[in-house]
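Close look at the chain arrangement
Below are the chains, spelled out letter by letter.
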Amino acid sequence: MRPTLEAVAIEPSTSWSFTHRELKEGIPFEWHYHPEYELTLTLNSEGYRYIGDDVSEYGDADLVLLRAGTPHSWRSVSEIRKGAGHQVVVVKFSQLWLDQMVTTIPEMAEIKDLFNQPFQALQFSGLIRKRVIPLLLGMLDRPSSQRFIKLLEVLLELASDRSTTVIGTSAIASISKSGETKILKALGYLHENFHRSIKISEVADVACLSVSGFQRMFKRHTNTCPVDYLMSLRVAKACALLVGTDQPVSFIAYSVGYSNISLFNRQFFKLKCETPKSFRNRHAMPRWQPEINLNPQRYQ
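Residues numbered from 1 in each chain as written. Predicted model: local features only at pLDDT ≥ 70, side-chain atom pairs only at ≥ 80, totals over all residues. Heavy atoms only, no water.

So, the confidence of the model for the protein
Defined as follows: By definition, pLDDT measures how confident the predictor is in each residue, and it falls between 0 and 100. For helices the rule is a DSSP run of H or I covering at least 4 residues; for strands it is a run of E covering at least 2, with both sets numbered from the N terminus onward. Contact definition: two residues touch when any of their heavy atoms are within 4.5 Å.
Taken as a whole, the protein shows an average pLDDT of 84; of its residues, 88% reach a score of 70 or greater. By mean pLDDT, the top-scoring element of the protein is strand 4 (residues 37-43) (97), and the lowest-scoring one is strand 1 (residues 4-5) (80). In the predicted structure, residues 169-179 sits below a pLDDT of 50 and forms 32 contacts with residues beyond four places in sequence or in another chain. Ignoring residues within four places in sequence, the model shows residues 285-300, a span with pLDDT below 50, making 32 contacts including any to other chains.

So this is what it looks like as structure tokens:
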């Protein structure tokens, strides 16, 4: 399943995007990406979140920062407080916005370390969530100028967290992470063609490098080799199909680039420590138990 590109709508009077949604029917699986960073707060909902190559259970007061360009989706299983609706607050901003913020407002320089570390996504500690949730909910029904002030407070709180959890630790990287044209072309080519047989030499040609030069560059930017990157990418795509569709495992293996089902099973088990079938069955039976329960009404 190829993630769709989402065009983020930003109002003319603002420089970043703020969205609050109350979903009575639940959060649907919508595998997508966009060139902006995303901070997502999910309340009164439990289910699964899919970020790059990672599939994890989420619960109430889930607060996650996504790196720009990272494919992602949430899929709810049930409400925690029946009838209250699944509450989602989403903030999106561009790398340019972030750079200008740090450059023009010296007091915001301390947030640079938060975004400079390598991650597909970050999950924040309970203490920081308790501080940030009232700030995010305080943006509701406020003019854009007051929302902006609260966003600055949110970013400073996030930057102060010393107990963040990195989500997605394998080789899959956000395509927009590197500013180098050659690695961007190579990563883009892999993401567009992962479903078929790919030779390292053809990807090297796309990057206008020799095979040896391409492999050195790829290792430097992704901390892995092209073959392992492609394997992780294919398995990540397979995970989305296993959970999001009823397609047979053999068909999924073929659709993500495997002509040999045995090889697919071996590589899937190598990365996920379980078979594709057990992965699908496990995600059909949510087992999440709430870590903390926070009532969003108390912060309004």
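Concerning the pairing of strand 5 (residues 45-51)
Operational definition: Burial classification: accessible surface area is computed with a 1.4 Å probe over protein chains only, and a residue below 20% of its type maximum counts as buried, one above 50% as exposed, and the rest as partly exposed. Any two strands between which DSSP finds at least two bridges are classified as paired.
A large share of strand 5 lies buried, amounting to seven of its seven residues. Bridging between strand 5 and strand 8 (residues 72-79) involves seven bridges; their strand directions are antiparallel. In the strand pairing of strand 8, isoleucine 51 is matched with histidine 72. Bridge analysis of strand 5 against strand 6 (residues 54-58) gives five bridges, and the strand direction is antiparallel.

As for the side chain of threonine 70
The line we're drawing: Pairs of N or O atoms within 3.5 Å make up the polar contacts considered here, provided that, within protein, one atom can donate a hydrogen while the other can accept it, and that residues adjacent in sequence are counted only when both atoms are side-chain atoms.
Considering the arrangement of structural elements, one finds threonine 70 in the loop between strand 7 (62-66) and strand 8. Take threonine 70: its relative accessible area is 3%, and that puts it in the buried class. Only 3.1 Å separates the side chain of threonine 70 from the backbone oxygen of arginine 67, close enough to count as a polar contact.

Some points on the side chain of arginine 234
To be explicit about the condition: Positive charges are assigned to Lys and Arg, negative charges to Asp and Glu, while His and the chain termini are left out of the count. Every case where a carboxyl oxygen of Asp or Glu lies within 4 Å of a side-chain nitrogen of Lys or Arg is listed as a salt bridge.
In this fold, arginine 234 is placed in helix 8 (residues 226-244). Buried within the structure, arginine 234 lacks any salt-bridge partner; glutamate 202 is the closest side chain of opposite charge, at an N-O distance of 8.8 Å. At 2.7 Å, the side chain of arginine 234 forms a polar contact with the backbone oxygen of arginine 196. Beyond its immediate chain neighbours, meaning those up to four positions away, arginine 234 contacts Phe194, Arg196, Ser197, Ile198, Val256, Gly257 and Tyr258.

Notes on the packing of aromatic side chains
Worth spelling out the cut-off: A pair of aromatic rings is counted whenever rings of Phe, Tyr or Trp (Trp by its six-membered ring) have centres within 6.5 Å, and the orientation is called stacked for planes under 30 degrees apart, edge-to-face for over 60 and tilted otherwise. Here, over-ring charges are defined by two tests on the NZ atom of lysine or the CZ atom of arginine: distance to the ring centre within 6 Å, and angle to the ring normal within 35 degrees.
Throughout the structure, instances matching the rule amount to 12 aromatic pairs. Aromatic side chains phenylalanine 93 and tryptophan 97 sit 5.0 Å apart centroid to centroid with 40° between the ring planes, which places their arrangement in the tilted category. Its relative accessible area of 1% is what places phenylalanine 93 among the buried residues. The exposure class of tryptophan 97 is buried, given its relative accessible area of 6%. Each residue in the set Tyr37, Phe93, Trp97 and Phe115 is aromatic and connected to the rest through ring pairs, giving one cluster. Over the face of the ring belonging to tyrosine 258 we find arginine 234, whose NZ or CZ atom lies 5.7 Å from the ring centre.

Here's the deal with the packing of helix 3 (residues 126-137) against helix 4 (residues 144-159)
Helix packing geometry: the angle between the two helix axes and the distance between the axes. Operational definition: Convention adopted: a line fitted to C-alpha atoms gives each axis, helices being fitted over their contacting stretch, and angles between N-to-C directions are expressed from 0 to 180 degrees. Under this scheme an angle from 65 to 115 degrees is roughly perpendicular, one under 35 degrees roughly parallel, and one over 145 degrees roughly antiparallel; angles in between are oblique. In this classification, the charged set is Asp, Glu, Lys and Arg, the nonpolar set is Ala, Val, Leu, Ile, Met, Phe, Trp, Tyr, Cys and Pro, and all remaining amino acids, among them Gly, are polar.
Across the interface, helix 3 lies against helix 4 with an axial gap of 9 Å and an inter-helix angle of 170°. By the angle between their axes, helix 3 is roughly antiparallel relative to helix 4. Listed contacts from helix 4 to Ile128, Arg131, Val132, Leu135 and Leu136 of helix 3 are Lys150, Glu153, Val154, Glu157 and Leu158. Of the residues belonging to the contact of helix 3 with helix 4, the class tally is six nonpolar, no polar and four charged.

Re the environment of phenylalanine 115
Secondary-structure assignment places phenylalanine 115 in helix 2 (residues 112-116). On the basis of relative accessibility, which here comes to 6%, the residue phenylalanine 115 falls in the buried class. The sequence separation of phenylalanine 115 and glutamine 95 amounts to 20 residues, and the corresponding C-alpha distance is 9.7 Å. If sequence neighbours within four positions are ignored, phenylalanine 115 has contacts with Tyr37, Leu65, Arg67, Phe93, Leu98 and Leu155.

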